[in-house]
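Each chain, letter by letter, is given below.
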Amino acid sequence: MVKPFYITTPIYYVNARPHLGHAYTTILADVACRFNAMKGSDTYFLTGTDEHGDKIIRAAQKQSLSPKEYVDQISELFRNLWPELNIDYSYFIRTTDKKHIAIVELVLKRIYDQGDIYFSEYEGKYCFGCERFYMDRELVDGKCPDHEIEPEVIKESNYFFKMSRYQDWLIDHIKANPDFIRPEHFKTEVLSFLRDPLDDLCISRPKTRLDWGITLPFDKNYVTYVWFDALLNYISALGYPENALFDKFWPHAQHIVAKDILKPHGIYWPIMLKAADIPIYRHLNVHGYWNVDQSKMSKSLGNVVDPLELKNIYGLDAFRYFLMREMSFGLDAGFSEAALVQRINSDLANDLGNLLSRVLTMVHKYFDGKVPEVEPEVEKELQLGLESQTQTAVSEYVQAMDHFAFQNAMKAVWVYVNQLNKYVDVTAPWELAKKKSTRKQLQVVLHNLLEGLGVISGLVYPVMPDAAATMQRHLNIEIESDLMGLKDIKSKKLIRSGAELPKSITLFPRIDLEKVKKAASENGGIDNPAVDLKPEITMEEFGKVDLRVATVIRAETIPRAKKLLKLEVDLGKKRTIVAGIAEKYKPEELIGKQIIIVANLKPAKLMGIVSNGMLLAAMEGKRCSLATLDRETTPGTPLS
Ligand code: MSP
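Engineer: Quick rundown of the environment of phenylalanine 119? Include the residues and the values.
Structural biologist: Mapping phenylalanine 119 onto the fold places it in strand E5 (residues 117-127). Spatially, the C-alpha atoms of phenylalanine 119 and tyrosine 159 are 4.4 Å apart, while their sequence positions differ by 40 residues. Ignoring any residue separated from it by four or fewer positions in sequence, one finds phenylalanine 119 in contact with Ser157, Asn158, Tyr159 and Tyr222.

Printed below as a string of structure tokens:
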């Protein structure tokens, strides 16, 4: 039985719009989650927003909004961004959710009742940016190392959590579980921090100073400190304490954070769990920081990178690939568009895209677009080490993905991509095609290449789900479930002899950075050079296509055709069309929908049914959106 997989991102503060850093962590979690689903795990992927505290109040005030209005707006920006980046989270939590608040109260009360929270007067140096007190030794030249401003001296009575009581336990726990915090150097950092005595943690703020928070269940004059509230999201989202989701996923919990929040996750959080008698999470995975022009991203430097803009210019999968390939997990990395374009052109357009289009072109040229049979007599002689190269690539990839070393996983895949490119050069199929006597060799070579591309399509799926789906469509791969699992990848029979393959495509167009910059400055906006447009046509040519509005009257599945639906549509008169959308739409969802069809396409027979037209839809990898109209229109109306 494969273990369940539970992955979390930090819940992001809503005092700023989402940027590259947030996108990186969340894409990383998505990649890990998709990979584990490929392994056969049941997965749960949590993200969300952290909405209480000083920072948020100040940001709301700046915009003259009430805290609630403000957090609703920004939280929505995060929630709406993730699907745009193909991030398939299971649940989006907000710390202002009632369900979450109830759990924070419950845990606080439990820890208070058992005597681990006490009341005391405190004077200390407080950084409003970090929302915490600082010890003198933690300051750099008397300033907060993160915000580079002097903290303010504050004196107040507050509640404290006896973290010191659990210091020895935590040291033992980290030592007994060597991969609890990874990579290794972050574990070392936490252990070195734990060499000094731990201070107790101030976990309250008087309402006189801040009332945008969760009221302490044992003192209504105080709200809880943001971290005590925020960290508990990881269990409140699973319905702690009594919920099947919690029982199933919590024992396998893995968090992803960047190094900025190592201390709350590596120290406060395990101690909170221990004190509340809740099992400790399994792994804390810590990554480095993306810097832009060698500096931290910041509004004042004007170097904040917007992930949506990059997606729109360069394409989503290319952007996701770059992030995973460029940063070594645990180390900092520098972001630049030049580096992104370099990766797109060399790894994606050249190495992978060209390989796919070369192979598909040859299959069309030499075998009429049909996957050639394997000829057992010549199969061995044309192996040329390919089988062991495939095995090595898959096993190195799995090993790296399991350890969050996504950069190494992609490296392993690209070693394999280039081995396949070499295989093309060495076997020279265009030479084999010249003689009848080498026809069998040609069959085997192309079959092997298609199989190799099938393996690659599976391996790149977590990082580039759309490109993987496009590849699988072009290789006409059919697998039982919706997702190509690791088992399928290892099966050595992804490609079916005789299957018809669509014409070759440009998977990743080359990008000219100069043109991108020029377009951006000339248009004030940005063209998308990643869109590979077809050659121009005249109005007259376009006029030959008869596009009509049609209303769906009936829709039904077709026995033994997983992908097809039979639709009866009204376009002034009734018509039957067959559409390949059964995996995306249920028949009942389509009844009454107004769609657009090409009405004068030559009829075609599909699974024994004559289709009299074709509906229009946008295929984006595995996603499919039907072209519809924005108001009710008389069936049969032509589109022009
Ligand atoms: N709200 C807290 C987290 C609470 S979790 C219980 C918080 N929020 S945050 O909005 O500041 O997000 C910090 C996280 O955003 C980092 O840990 C990291 O995941 C991501 N990143 C923000 N900037 C980043 C970079 N420049 N580079 C990489 N990741 C970055 O802290």
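Engineer: Describe the packing of helix H2 (residues 54-62) against helix H3 (residues 67-84), and please don't skip the residues or the numbers.
Structural biologist: Their axes nearest at 9 Å, the elements H2 and H3 cross at an angle of 95 degrees. By the criterion of interaxial angle, the relationship of H2 to H3 is roughly perpendicular. Residues Ile56, Ile57, Ala59 and Ala60 of H2 touch H3, and the partners they reach there are Pro67, Tyr70 and Val71. Classifying every residue of the contact of H2 with H3 by side-chain character gives seven nonpolar, no polar and no charged.

Engineer: Give me the lowdown on helix H5 (residues 167-176), citing residues and values where you can.
Structural biologist: When we look at burial in H5, the residues that qualify are Gln167, Leu170, Ile171, His173 and Ile174. Summarising the axial view, the buried residues of H5 lie within an arc of 165 degrees, below the 170-degree limit, and thus occupy one face. Residues Asp168, Asp172, Lys175 and Ala176 are exposed on H5 and point more than 90 degrees away from its buried face. Buried positions along H5 lie against strand E8 (181-182), helix H6 (184-193) and helix H10 (262-275).

Engineer: Tell me about the sheet that holds strand E12 (residues 219-224), and name the residues and values.
Structural biologist: Strand order in the open sheet made by the three strands is E10-E12-E11, with antiparallel pairing throughout. Looking at strand neighbours, the two that pair on one side only are strand E10 (204-206) and strand E11 (215-216), the edges of this open sheet. In this sheet, E12 lies alongside E10 in antiparallel orientation, the contact comprising three bridges. Across the sheet, arginine 205 pairs through a bridge with valine 223, a residue of E12.

Engineer: How would you explain the site of the ligand if you had to name every residue and give the values?
Structural biologist: Among the 23 residues in the neighbourhood of the ligand, the closest are listed as Ile11, Thr25, Asp50, Asp260 and Trp290. At 2.8 Å from a nitrogen atom of the ligand is found a main-chain nitrogen or oxygen belonging to isoleucine 11. About the coverage of the ligand: the protein hides 94% of its 670 Å² of free accessible area. Where the shell around the ligand is concerned, the elements lending two or more residues are strand E2 (12-13), helix H1 (20-39), helix H7 (226-231) and helix H8 (233-236). In terms of residue class, the shell around the ligand is made up of 13 nonpolar, eight polar and two charged.

Engineer: Break down the side chain of serine 236 for me, with residues and values.
Structural biologist: Looking at where serine 236 falls in the secondary structure, it is placed in helix H8. By relative accessible area, which is 1% here, serine 236 ends up buried. Within the structure, serine 236 has its side chain in polar contact with the side chain of histidine 100 (distance 2.8 Å). Sequence-distant contacts of serine 236, that is, excluding residues within four places in its chain, are made with Ile93, Lys99, His100 and Ile103.

Each value, and the rule that gives it
- Residues numbered from 1 in each chain as written.
- Predicted model: local features only at pLDDT ≥ 70, side-chain atom pairs only at ≥ 80, totals over all residues.
- Heavy atoms only, no water.
- Helix = DSSP H or I, 4+ residues; strand = E, 2+ residues; numbered from the N terminus.
- Contact = heavy atoms within 4.5 Å.
- Axes fitted to C-alpha atoms, helices over the stretch in contact; angles between N-to-C directions.
- Parallel < 35°, antiparallel > 145°, perpendicular 65-115°, else oblique.
- Nonpolar A, V, L, I, M, F, W, Y, C, P; charged D, E, K, R; others polar.
- Buried < 20%, exposed > 50% of the residue type's maximum accessible area, 1.4 Å probe, protein only.
- Arc of directions from axis to C-beta.
- Pairing = 2+ DSSP bridges.
- Near = heavy atom within 4 Å.
- Polar contact = N/O pair within 3.5 Å; in protein donor to acceptor, adjacent residues only side chain to side chain.
- Areas by Shrake-Rupley, 256 points an atom, 1.4 Å probe, with all protein chains shown as cover.

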